[in-house]
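# An overview of the molecular structure
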Amino acid sequence: MTTRLQYGTPAKIFHWLIVALLAVQYPIGWLMPDIHPGMSPGASMSFHVSIGIAILVLTAFRLLWRVTHPVAPESSLPAWQRLSSEAVHWLLYVLVLATTISGWLFASFRGWSLSFFYLVPLPMLASGNAGAGRTIDGLHQATEWALLLAIGIHIAAALAHVFVYRDGVMQRMLHR
Ligand code: HEM
Ligand code: HEM
């Protein structure tokens, strides 16, 4: 398997599509009504879950793409930046998966039945279990904040490359 020097078009499309979905997913998560025992999910929750599942599926395909089409870090970077950028990128994958799976588990433990954008029924991962639901709620919130922190570090690094180092790292995710 050859290691490429540049991200290809699929990697860029996956990257910016998932950025756009996350940019709507957080506001929906914060603005949708709080959960009460016995409530059934409304429209905003249905969209939150559907967008979240879309993020999960796209991330799984993207990860598969990344593993089969490896891209080397920018060769002009010092070793510590090459290592730390790789570490943050893998952490982002892990935290997106952890956030989406914990959310899916939480919705499952509520005993809800949901559909993917009102189109097809969404398979649930477990049956209703209030106690497990409370534990998982904390996990979804913890992973959602850890992901936001990792995204903040990632964006700060991208901006540092644009405005401080003024190198070509940002261009790697834009165009050739
Ligand atoms: C990366 C994708 C996701 C992000 C960034 C995200 C983010 C959020 C946020 C910000 C909240 C509000 C919680 C709070 O008040 O702090 C929330 C709640 C919730 N999310 Fe997600 N979510 C994601 C994926 C999912 C998925 C895939 C599901 C289900 C299939 C889901 C189910 C829920 C449920 C049931 C709640 C309400 C429970 C609670 O308040 O914690 N989420 N999510
Ligand atoms: C405004 C927001 C963002 C900007 C400006 C940005 C910028 C970049 C840049 C310039 C790269 C290439 C870095 C390099 O070659 O070393 C990159 C890679 C990457 N970014 Fe972002 N990014 C943003 C948001 C996000 C978000 C929200 C995620 C979370 C899922 C993310 C996940 C990744 C991953 C995993 C890579 C590694 C390449 C890959 O596996 O396709 N980025 N980003």
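The text that follows walks through the structure, step by step, so that each part is easy to find. (Residues numbered from 1 in each chain as written. Chains lettered and ligands numbered in written order. Predicted model: local features only at pLDDT ≥ 70, side-chain atom pairs only at ≥ 80, totals over all residues. Heavy atoms only, no water.)

Looking now at the packing of helix α3 (residues 79-109) against helix α4 (residues 130-165). It is the contact of α3 with α4, at a shortest axis distance of 8 Å, that shows an interaxial angle of 150°. Relative to α4, the element α3 is oriented roughly antiparallel. Relative to α4, α3 is oriented so that their crossing is left-handed. Counted by class, the contact of α3 with α4 contains 20 nonpolar, ten polar and two charged residues. (Axes fitted to C-alpha atoms, helices over the stretch in contact; angles between N-to-C directions. Helix = DSSP H or I, 4+ residues; strand = E, 2+ residues; numbered from the N terminus. Parallel < 35°, antiparallel > 145°, perpendicular 65-115°, else oblique. Left-handed = near helix turned anticlockwise from the far one by under 90°. Nonpolar A, V, L, I, M, F, W, Y, C, P; charged D, E, K, R; others polar.)

Let us look at the coordination of the iron atom of ligand 1. Looking at the metal site, the iron atom of ligand 1 is ligated by His 48 (NE2) and His 140 (NE2), spaced 2.0 Å from it. Around the iron atom of ligand 1, the six donor atoms are arranged such that angles at the metal cover 88 to 180°; this shape is classified as octahedral. Of this pair, His 48 sits in helix α2 (residues 43-68) while His 140 sits in helix α4, placing them 92 residues apart in sequence. (Donors = N, O, S within 2.8 Å, 3.2 Å for Na, K, Ca; no water. Tetrahedral: all angles 85-135°; square planar, octahedral: opposite > 155°, others 65-115°.)

Moving on, we come to the side chain of His 140. Look at His 140 and you get buried, because its relative accessible area is 17%. In this view, His 140 contacts His 48, Thr 99, Ser 102 and Gly 103; residues no more than four positions away in its chain are not counted. (Buried < 20%, exposed > 50% of the residue type's maximum accessible area, 1.4 Å probe, protein only. Contact = heavy atoms within 4.5 Å.)

Moving on to the site of ligand 1. Taken together, 22 residues lie around ligand 1, and His 48, Phe 106, Asp 137, His 140 and Glu 144 are the ones closest in. A distance of 3.4 Å separates an oxygen atom of ligand 1 from a polar side-chain atom of Gln 141. One of the side-chain nitrogen or oxygen atoms of Glu 144 is found 2.9 Å away from an oxygen atom of ligand 1. In this structure, ligand 1 is accommodated by the second largest pocket. (Near = heavy atom within 4 Å. Polar contact = N/O pair within 3.5 Å; in protein donor to acceptor, adjacent residues only side chain to side chain. 1 Å grid on protein atoms, 1.4 Å probe; cavity = no way out; pocket = protein on both sides within 12 Å on 5 of 7 lines; lining within 4 Å. Sits in = over half its atoms within 2 Å of the grid points.)

Don't take any of this as a statement about function, it's just geometry.
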